Structures are given as structure tokens and as C-alpha cells.
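Residue-level structural notes
Letter by letter, the chains look like this.
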Amino acid sequence: MYVRFQAAEANQRGTFPGVFALVNGLVAAGKLTPAQESFRRSSYDWYDAHLVNPSYTDPIVYDRDLNPGAEAWFKESAADHIAHVAGHLDILALHGVGYDTLHSTDPGTVIYEDDHQVVVLPHQSRPHH
């Protein structure tokens, strides 16, 4: 089983950004409070220490031309990684940013995998809610 946290609404490209992209959007817009920014920084530090960034391992994994719509999903076994998302979801909720939590046994064609996550090209027919 896999878990993904993503935007409730598609963006202008028709994709559903993940939780970290949504929080980064709030950062770019200058909307985080100092406490939220402090949490985000410490959380990102934790993820940097405990989760491989697929882009560092395979620079083309998120290439929009080669892998359009690529999405990262946590493996259900990555309980600590999933638990750390909660604070990010709280930030989204406080700023009125809608998100969905998806669960799937087959989220798409795997183009990257490590112990904690997969990056997939989603199935075209997969519902997003």
C-alpha cells in the first residue's frame, strides 16, 4: 500500500501538487507565520536526513517532458515519514489549502523506488479524490 498527500484541485498544468509543493507555494507567497516557517525548516531538515530526494539520484525523474505528471508516494511501511507530514497538513488547513490523502496498492508505473517511497507515472484512469 502507498500513501500520497496532494492538492484537492488540479493546478494550471492539470496535475495535483504534493504536500511539500503546496507548502512551498505558501512560502513563496510569504504566507507562513514565523512559527510555521520554523517548523517547515526543521521538518525539511529531518526529511533531508531520512529520505532520499529522487531528483538527486535520478535527475530526470521529475523531468516534465520525459516523465509528465510524475508523483511521489510514500510506502505504507514508512510510518515515521508519513507521521512527519501531519504538521504540513496542519499548515495547509490553517491557510485554507485543500488537500486529499490517497491510498493505493497500484498508484502507477514506478520510475523510481527506494526503501521509503516510489515515484510513479500515474494511471490515466486513476481518480484523484
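Residues numbered from 1 in each chain as written. Predicted model: local features only at pLDDT ≥ 70, side-chain atom pairs only at ≥ 80, totals over all residues. Heavy atoms only, no water.

Considerations on the sheet that holds strand β2 (residues 71-75)
With respect to topology, 5 strands assemble into an open sheet ordered β3-β1-β2-β5-β4, the strand pairing being antiparallel. In this open sheet, the two edge strands, each paired with only one partner strand, are β3 (99-104) and β4 (108-113). Averaged over all pairs of adjacent strands, the angle between strand axes in this sheet comes to 35°, irrespective of strand direction. Sheet topology note: the strand β1 (residues 2-7)/β2 ladder contains 2 bridges and is antiparallel. Among the inter-strand pairings, Val 3 is bridged to a residue of β2, identified as Phe 74. (Pairing = 2+ DSSP bridges. Helix = DSSP H or I, 4+ residues; strand = E, 2+ residues; numbered from the N terminus. Axes fitted to C-alpha atoms, helices over the stretch in contact; angles between N-to-C directions.)

Details of the pairing of β2
The buried count for β2 comes to 4 of 5 residues, which makes it a mostly enclosed element. Relative to strand β5 (residues 117-122), β2 is paired through 4 bridges, and the arrangement is antiparallel. Along β5, the bridge assignment pairs Ala 72 with Val 119. (Buried < 20%, exposed > 50% of the residue type's maximum accessible area, 1.4 Å probe, protein only.)

Regarding the nonpolar core
Phe 5, Val 19, Tyr 47, Phe 74, Val 85, Leu 89 and Leu 92 are the most contacted members of the largest nonpolar core, which totals 18 residues. Elements supplying a minimum of two residues to this core: β1, α1 (19-28), α2 (34-50) and α5 (86-94). Among the elements that take part in this core, α1 stands out by supplying 4 residues, more than any other. For Phe 74, the contacting residues outside a window of four places in its chain are Met 1, Tyr 2, Val 3, Phe 5, Phe 20, Tyr 47, Leu 51, His 81, Ile 82, Val 85, His 116 and Gln 117. By size, the runner-up hydrophobic cluster in this structure holds 5 residues, among which are Tyr 2, Trp 73, Leu 102 and Val 120. (Core = buried A, V, L, I, M, F, W, Y, C linked by side-chain atoms within 4.5 Å. Contact = heavy atoms within 4.5 Å.)

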